[in-house]
Amino acid sequence: MASPCGRRNTTSIEKAYSKKRVRYHVKSLREMRRAQKFVGLLIPRLPFMRVALLCLQEAPKDFAIDFMNDAFLLATHCHRVTLMDKDYVVVSKLRYKFEKVLAPLDKHD
């Protein structure tokens, strides 16, 4: 169905069957409105608990690894290979030196 001008005439039937394209930002805004109206949990409880448990297990492990790495750096600075108690004490003092200064004073003088 081409017109003499070279344009294609669209009938009402073709318009009805063509899909309307939705822009991405409109779709995302619609999803946000739906999520704001929803009262329940967006993340199911059990998968969230599994992830939280893994995070709680990973955090102390990362802390211990970083702490021991700092102690090992201190020992190598002193030309030693073996970690000693005093390395851990020095690292803890260096890491938490400013913690007492930044904490509010509880004494009322």
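Residues numbered from 1 in each chain as written. Predicted model: local features only at pLDDT ≥ 70, side-chain atom pairs only at ≥ 80, totals over all residues. Heavy atoms only, no water.

Caption draft 1: Structural context of the overall build of the protein chain. The helix and strand tally for the protein chain stands at 5 helices and 0 strands. Put simply, the protein chain runs from its N terminus to its C terminus through helices and strands in the order α-α-α-α-α. Long-range pairs, those at least 24 residues apart, make up 21% of the contacts in the protein chain with a sequence separation of at least 6. Accessible surface computed for the protein chain: about 11100 Å², of which carbon and sulfur atoms make up 63%. (Helix = DSSP H or I, 4+ residues; strand = E, 2+ residues; numbered from the N terminus. Contact = heavy atoms within 4.5 Å. Areas by Shrake-Rupley, 256 points an atom, 1.4 Å probe, with all protein chains shown as cover.)

Caption draft 2: Just the packing of aromatic side chains, in detail. If you walk through the whole model with that rule in mind, you get 2 aromatic pairs. Judged by centre distance (6.0 Å) and plane angle (5°), the ring pair of Phe-67 and Tyr-88 falls under stacked. Pair noted here: Phe-67 is in helix α3 (residues 45-77) and Tyr-88 is in helix α4 (residues 85-95), with a separation of 21 residues, a long-range link. Under the relative-accessibility criterion, Phe-67 is labelled buried at 15%. (Phe/Tyr/Trp six-rings, centres within 6.5 Å; stacked < 30°, edge-to-face > 60°. Buried < 20%, exposed > 50% of the residue type's maximum accessible area, 1.4 Å probe, protein only.)

Caption draft 3: A look at a positive patch on the surface. Together, Lys-20, Lys-27, Arg-30, Arg-33 and Lys-37 line one region of the surface with positive charge. Residue position: Lys-37 is located in helix α2 (residues 24-37). (Patch = residues over 30% accessible without salt bridge, like charges linked within 9 Å, V, L, I, M, F, W, Y side chains within 5 Å. Salt bridge = Lys/Arg side-chain N within 4 Å of Asp/Glu carboxyl O. Lys, Arg positive; Asp, Glu negative; His and termini not counted. Charge placed at Lys NZ, Arg CZ, Asp CG, Glu CD.)

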